[in-house]
Amino acid sequence: MNALLLDSSDKNLTVGLFYQKKMDEISYFSWQRQSENMVPEIDKILERNGCQKEELDAIVCSKGPGSYTGVRIAMSIAKTISFALNLPLYLVSSLEALKDGDRPSVCLMNARAKRSYIGVYQGKEVLLKDTILTNAEVLEFIAEHKDYSICGDVSYLGLEAKAPLICANLVSCIDDAHRCLEPLGARPIYLKDDYEDISHKIAIRPVKDEDIPALVDLENECFEPPYTENGLRYDLHENEFARLYVAVRKTEIIGYIHFSITFSSATINRIAVRKAFRKEGIGGLLLDQALKDCKEAEEPVDFLTLEVRVSNENAKEFYAKRGFEKVTIKRAYYTDGEDALYMVRPLFHEQNLSD
Amino acid sequence: MSKILAIESSCDETAVAITDGGKLLANVVATQIAVHEKFGGVMPEIASRLHTENITVCLTQALDESGLKLEDIDAFAVTRGPGLIGCLHVGLQAAKTLAMLYHKPLIPVHHLAGHIYANEYVGELKFPLLAVVVSGGNTELVLMRDHMDFEIIGETKDDAVGECYDKVARVLGFPYPGGLPIDKHSKLGEHTYDLPTPASPAAKYDFSYSGLKTSVINLVHSLEMKGETLRVNDMARSFQDVAIGMIVDHAIEAANEYHVAQVILAGGVSANSYLRSEMTRRLESTGIDLIIPPLWCTTDNAAMIAKVAERLYDKKVFAPLSLGVDPNWKIDHWNEFLSSGKETK
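Residues numbered from 1 in each chain as written. Chains lettered and ligands numbered in written order. Predicted model: local features only at pLDDT ≥ 70, side-chain atom pairs only at ≥ 80, totals over all residues. Heavy atoms only, no water.

1. Things to note about the domain arrangement of chain B
All names here are of chain B.
- Each assigned domain of chain B is listed here: domain 1 (3-116 + 299-337) and domain 2 (125-292).
- A C-alpha centroid distance of 27 Å is found between domain 1 and domain 2.
- Opposite the 18 residues of domain 1 that make contact, domain 2 presents 16 residues.
- Both sides of the domain 1 and domain 2 interface together cover about 1600 Å² of buried area, and 74% of this is carbon and sulfur.
- Remark: the boundary between domain 1 and domain 2 carries 0 salt bridges.
- There are 2 residue pairs in polar contact (both at pLDDT 80 or more) connecting domain 1 and domain 2.
- Elements with a minimum of two residues in the side of domain 1 that touches domain 2: helix H1 (33-37), helix H4 (111-117) and helix H11 (303-314).
- It is H4 that contributes the most residues to the side of domain 1 that touches domain 2, 4 residues altogether.
- Classifying every residue of the side of domain 1 that touches domain 2 gives 9 nonpolar, 4 polar and 5 charged. (Domains from an automatic or database assignment. Contact = heavy atoms within 4.5 Å. Buried area = accessible area lost by both parts, 1.4 Å probe. Salt bridge = Lys/Arg side-chain N within 4 Å of Asp/Glu carboxyl O. Polar contact = N/O pair within 3.5 Å; in protein donor to acceptor, adjacent residues only side chain to side chain. Helix = DSSP H or I, 4+ residues; strand = E, 2+ residues; numbered from the N terminus. Nonpolar A, V, L, I, M, F, W, Y, C, P; charged D, E, K, R; others polar.)

Here it is, written out as structure tokens:
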């Protein structure tokens, strides 16, 4: 069995060749250079072992989770080789590729936003299927399983682990369980952005009085000056135009939206998402709720407007992507003198455009 | 005579084409439009994922159609830019892998050069020529004095014309992509709304579209405030007249100034019927030849990449296997591979 082994799911680039029962490997830090480097390294390793492409029997590739682009690079190459040479393709979790031989292994990779990709393996057995946990949850798991090996680049958790034997692990996965039966349609595992999956876990519901303290925390984290507790209570109970919804993950409030519908137009006053949960589509879910309310309002709502600080690039990009257009700049709109960008999204009622 | 396999994955189409001595043997395009429609535009991460899923399916189909084997191919070509970076990576890996496995040259192709050379499928290029390159990502006037000799004499300073169409379409309630619906609705309307022709930026043949986009939005909004009904067809017509008028005016003036023998249209917006008819009308009986690409060439495909690759193959413009993508690659920079590029082994 001669096999080519590929992994670029994290910051390294690993190319291995298991040829005539011997392992040769090339592995080094190649963050954002994997696209340039991987094919030349494959070329090099085949050549220096005198291995002709016709002698290869299998290709093994890590399939994620990890860096999206990185995972796609190894996967695109592996699929192309499998197609060109008609070779069986084996796909291995990039976490399983980090395991410590046959010992129980907690395999970890930084998923950013204070979270980790985690999978727990013991030999061929999967003790915990690959998933995402907060770093706090991961540390708790580790504390409860002191006898397990910690695997992967865990410096982001303030921990140490020995270097993983990725190529040895990939070779050990040449079996029926890892064989990809449809190599043409093979696709990476991203975990983090199965968009549906994320949106199922987040619930959007109207604000209740007992949520107010959490909203005050959010305000303090996200805005200057923040809305006050009394102001929020007034909007919730007495302001007939204001609508407030929270985004809830498990039992925790991680975001909220505050908007007003005043007859034919609506204004977004706030969209706040806790820092650790940004870039996960939660703002989008909150905005969708506002759009839904506008659509269902008794009087048709034609415009959704908002002001955003001119310096707030993330928010401007968020709104621009979702159909808001820059209309004008409101000078010195904020109390600290900063200008506001006034953005508008027209809302259209089912028009017949089917011709 | 060379057999070329070309791969294009710069935006939302995964495409593979195979040519033999200029003859198109296979032209496979897997479009993602249906997916991106839902988001009102191309989502780069989703596009990159779909390329990864589709790439070898397209390769398989193209080989089947061509009746060739990979061993028969003389060179592997790929779009290395401009485009969406995550998308470009996928096509690049496939092309580099094939070049490595079969020890054949790797040819880096510029996406817009591809759109220009797509016209070779319908007519012979005559120099000097003016290429009007108009798409979702570009608005450029390119002067060519000879094959593969590109000089950009005008370009947009902000939005591309296609991008402007998509945004205006959204404001008017049309689906993505916005070119076709605006074109259709404009035929039902009159130019009744006063939209300012954007002041030309510093350089004579440059374009600016962000002002036009804002004018439409402001006008739509102020009509709303006054409680007036928006006549969607008239707005589409008014917008199209100004947006396309600017391109036609610049192109005709440049064609005259540079005494070109031919004008060619290229890119997604060249499918616009008003642009096609206006260019035809204005160039009639001027002695300047006009090539309008067939509709299949106005969208992204790999056949056009193969056309450029044929030229580069003859010039031995080959890239090393360490080739990377360049999302902002300039059209006249292909010759960086002219001397440094070595044939793959």
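Here the narrative resumes, following the displayed structure.
2. Considering the nonpolar core
- Judged by nonpolar contacts, the single largest core of 101 residues is most densely connected at Leu 4 and Leu 6 of chain A together with Ile 116 and Phe 150 of chain B.
- Broken down by element, this core gets its largest block of residues, 10 residues, from helix H3 (residues 85-102) of chain B.
- Phe 150 of chain B has contacts with Ala 113, Ile 116, Tyr 117, Val 142, Leu 143, Met 144, Ile 331, Asp 332 and Trp 334 of chain B, leaving out every residue within four places of it along the chain. (Core = buried A, V, L, I, M, F, W, Y, C linked by side-chain atoms within 4.5 Å. Buried < 20%, exposed > 50% of the residue type's maximum accessible area, 1.4 Å probe, protein only.)

3. A closer look at the interface of chain A and chain B
- Listed per partner, the contact involves 46 residues of chain A and 45 residues of chain B.
- The contact between chain A and chain B buries some 4000 Å² in all, and 62% of this surface belongs to carbon and sulfur atoms.
- Considering only the surface of chain A that becomes buried against chain B, Arg 72, Phe 83 and Glu 325 of chain A emerge as the three largest contributors, covering 15% of it.
- Put simply, chain A and chain B have 2 salt bridges between them.
- In this structure, Arg 187 of chain A engages Glu 53 of chain B in a salt bridge whose closest nitrogen and oxygen atoms are separated by 3.4 Å.
- For the pair chain A and chain B, the interface holds 11 residue pairs in polar contact (both at pLDDT 80 or more).
- When residues of the side of chain A that touches chain B are assigned to their parent elements, the largest contribution, 13 residues, is made by helix H2 (residues 68-85) of chain A.
- Residue classes in the side of chain A that touches chain B are distributed as 25 nonpolar, 8 polar and 13 charged.

4. With respect to the sheet that holds strand E6 (residues 104-112) of chain A
Residue and element names in this part refer to chain A.
- Strand order in the open sheet formed by 4 strands is E8-E7-E6-E9, with mixed pairing between adjacent strands. Since the sheet does not close on itself, it has two edges, and those belong to strand E8 (125-134) and strand E9 (149-151), each with one partner. Strand-to-strand, the axes of this sheet are offset by a mean angle of 20°, without reference to chain direction.
- Pairing geometry for E6 and strand E7 (residues 115-122), over 8 bridges, is antiparallel. In the strand pairing of E7, Cys 107 is matched with Gly 119.
- Sheet strands touched by helix H3 (residues 135-144): E6, E7, E8 and E9. Its angle to E8, the strand with the most contacts, is close to 145°. (Pairing = 2+ DSSP bridges. Axes fitted to C-alpha atoms, helices over the stretch in contact; angles between N-to-C directions.)

5. Focus on the pattern of salt bridges
- Per the stated rule, a full pass over the model turns up 38 salt bridges over all chains.
- A salt bridge links Glu 307 of chain A to Lys 330 of chain A, with the shortest nitrogen-to-oxygen separation between them at 2.9 Å. One end of the pair, Glu 307 of chain A, is in strand E15 (residues 303-309); the other, Lys 330 of chain A, is in strand E16 (residues 325-330), with 23 residues separating them in the sequence.
- With its nearest N and O atoms 2.8 Å apart, the salt bridge here joins Arg 231 of chain B to Asp 234 of chain B.

6. A short note on the domain arrangement of chain A
- Here chain A is partitioned into domain 1 (3-192) and domain 2 (197-346).
- If you average the C-alpha positions of domain 1 of chain A and of domain 2 of chain A, the two centres end up 41 Å apart.

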